[in-house]
Amino acid sequence: MSRVAARIPDKRVLKLIRAFLNAGVLEDGLVRPVDEGTPQGGPLSPFLSNIVLDDLDKELARRGHRFCRYADDCNIYLRSHHAGERVRVSISRFLTDKLRLKVNEAKSAVARPEERKFLGFSIANDGSQRRIAPKALDKFKDRIREITCRTRGISLQQMIADLTPYLIGWRGYFGFCQTPRVLTNLEAWIRRRLRLYLWRHWRNGHNRFTELRRFGIAKFAASVAAGSPTGLWRMSGHPAVQHALRNHVFDSLGLPRIFMPVLA
């Protein structure tokens with residue numbers, strides 16, 4: 001703490017830091033006190049990291065390394081695995097001996113850029129692409145599955161209203177990726193889950209036939225689809241269902257697109 005205090009003589013800043021540490025966290029509508037550490041997702045953690053790790057940035061720059069750091073997450077880019085091992089040992093020693101910090105060995109590794117993630121992204125080995133890391137994609141799909149759960153019992157409009165803030169926020173962060181096909185595939189997958197939800201919501205063959213006809217499907221095609229014993233997921237990809245619930249239907253209901261092409 002003496003290092004931090006030495007860098008921040010203003011007592012008002014120290015008072016603000018203490019207020020953040022004593023603020024507690026909100027869980028299930030109740031504020032729970034925090035005994036140690038900083039609240040996850042708050043601004044205090046990266047703020048303190050920038051203060052404490054300023055010497056690390058200067059040391060890496062002095063050595064001429066290419067690096068990228070956000071809060072306590074840092075990637076250092078070198079030309080070979082051997083150089084990576086050497087720098088990992090020396091930087092770990094610098095953090096331990098000079099800054100009195102503990103290195104998380106479980107999260108530290110020497111690997112190719114595409115094998116590691118940084119702030120939810122991975123980078124192609126030649127630096128040509130920013131990709132969404134697999135774990136970030138899995139987390140996104142888990143959240144979408146939760147929101148579009150087939151047993152929620154709400155209207156499609158309400159479900160899209162629940163999806164909207166999450167999709168807009170996610171797009172604002174991960175839309176920076178350079179793999180548009182991943183985004184368009186995710187959009188198609190979300191629409192298919194919504195088709196599945198509606199197909200289940202229509203419940204029986206009579207209602208399904210009526211709804212398909214309402215969306216302009218020919219009588220014979222609607223009858224075949226409505227009477228099909230095929231499971232829900234497969235029916236969500238059925239041509240009649242897809243034709244009835246085309247992309248513009250979801251656009252008209254306010255479903256956000258997560259792929260926003262850049263116009264030249």
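Residues numbered from 1 in each chain as written. Predicted model: local features only at pLDDT ≥ 70, side-chain atom pairs only at ≥ 80, totals over all residues. Heavy atoms only, no water.

Named according to an unreviewed UniProt entry, the protein chain is Transposase originating from Bradyrhizobium barranii. Quoted verbatim from the Sequence similarities (unreviewed entry) field of the UniProt record, the comment on the protein chain reads "Belongs to the bacterial reverse transcriptase family." (UniProt positions renumbered as here; feature names shortened; annotations may be inferred.)

Colleague: Any details on the pattern of salt bridges? Residues and values, ideally.
Modeller: Within the structure shown, the criterion is met by 12 salt bridges. Aspartate 142 serves as the salt-bridge partner of arginine 145, at 3.3 Å between the closest nitrogen and oxygen. Pair noted here: arginine 145 and aspartate 142 are both in helix 6 (residues 134-147), with a separation of three residues, about one helical turn. What makes aspartate 142 partly exposed here is its relative accessible area of 47%. (Salt bridge = Lys/Arg side-chain N within 4 Å of Asp/Glu carboxyl O. Helix = DSSP H or I, 4+ residues; strand = E, 2+ residues; numbered from the N terminus. Buried < 20%, exposed > 50% of the residue type's maximum accessible area, 1.4 Å probe, protein only.)

Colleague: Describe the packing of aromatic side chains, naming the residues involved and giving the relevant values.
Modeller: According to the stated counting rule, one finds nine aromatic pairs in the structure shown. Geometrically, the ring pair formed by phenylalanine 121 and tyrosine 173 is tilted, given 5.7 Å between the ring centres and 35 degrees between the ring planes. Pair noted here: phenylalanine 121 is in strand 5 (residues 121-123) and tyrosine 173 is in helix 7 (residues 156-174), with a separation of 52 residues, a long-range link. Residue class for tyrosine 173 comes out partly exposed when judged on its relative accessible area of 39%. For phenylalanine 121, a relative accessible area of 11% corresponds to the buried category. A connected cluster of aromatic rings, assembled from ring pairs, spans Phe121, Phe140, Tyr166, Trp170, Tyr173, Phe174 and Phe176. The ring of phenylalanine 176 has arginine 130 lying over it, and the distance from NZ or CZ to the ring centre is 3.6 Å. If you follow arginine 192 out to its NZ or CZ, it ends over the ring of tryptophan 233, 4.2 Å from the centre. (Phe/Tyr/Trp six-rings, centres within 6.5 Å; stacked < 30°, edge-to-face > 60°. Lys NZ or Arg CZ within 6 Å of the ring centre and 35° of its normal.)

Colleague: Quick rundown of a nonpolar patch on the surface? Include the residues and the values.
Modeller: Taken together, the side chains of Tyr70, Leu119 and Tyr173 present a nonpolar region at the surface, about 290 Å² in accessible area. You can see tyrosine 70 is positioned in strand 3 (residues 66-70). Residue tyrosine 70 is classed as partly exposed on the basis of its relative accessible area, which comes to 47%. (Patch = residues over 30% accessible without salt bridge, like charges linked within 9 Å, V, L, I, M, F, W, Y side chains within 5 Å. Areas by Shrake-Rupley, 256 points an atom, 1.4 Å probe, with all protein chains shown as cover.)

Colleague: Which residues make up the pairing of strand 4 (residues 73-77), and what values go with them?
Modeller: Two faces make up the sheet, and in a regular strand the side chains alternate between them. Of the pairings in the sheet, the one linking strand 3 to strand 4 comprises five bridges and is antiparallel in character. Bridged to phenylalanine 67 within strand 4 is isoleucine 76. Linking strand 3 back to strand 4 in an antiparallel pair, the connection comprises two residues, with alanine 71 at a positive phi of about 55 degrees. (Pairing = 2+ DSSP bridges.)

Colleague: Go over the side chain of arginine 193, please, and point to the residues and values.
Modeller: Looking at where arginine 193 falls in the secondary structure, it is placed in helix 8 (residues 180-202). It turns out arginine 193 is buried and unbridged, and the closest side chain with the opposite charge, aspartate 142, is 9.3 Å from it. In this structure the side chain of arginine 193 is engaged in a polar contact, spanning 2.7 Å, whose partner is the side chain of threonine 148. When near neighbours in sequence (up to four residues on either side) are disregarded, arginine 193 contacts Ile144, Arg145, Thr148, Cys149 and Trp233. (Lys, Arg positive; Asp, Glu negative; His and termini not counted. Polar contact = N/O pair within 3.5 Å; in protein donor to acceptor, adjacent residues only side chain to side chain. Contact = heavy atoms within 4.5 Å.)

Colleague: Got a sec to walk through the layout of surface pockets? Specific residues and values, please.
Modeller: In this approach, a probe sized like a water molecule rolls over the atoms, and the result shows the empty space that is left. Reported here for the second largest pocket is a volume of approximately 180 Å³. What lines the second largest pocket is Ser155, Leu156, Gln157, Leu198, His201, Trp202, Glu211, Arg214, Phe215, Val249, Ser252 and Leu253. Mapped by element, the contributors of at least two residues to the lining of the second largest pocket are helix 7, helix 8, helix 9 (205-214) and helix 13 (247-252). Here the lining of the second largest pocket gets three residues from one element, more than from any other, and that element is helix 8. (1 Å grid on protein atoms, 1.4 Å probe; cavity = no way out; pocket = protein on both sides within 12 Å on 5 of 7 lines; lining within 4 Å. Points joined across faces, edges and corners; volume = space filled by probe spheres on them.)

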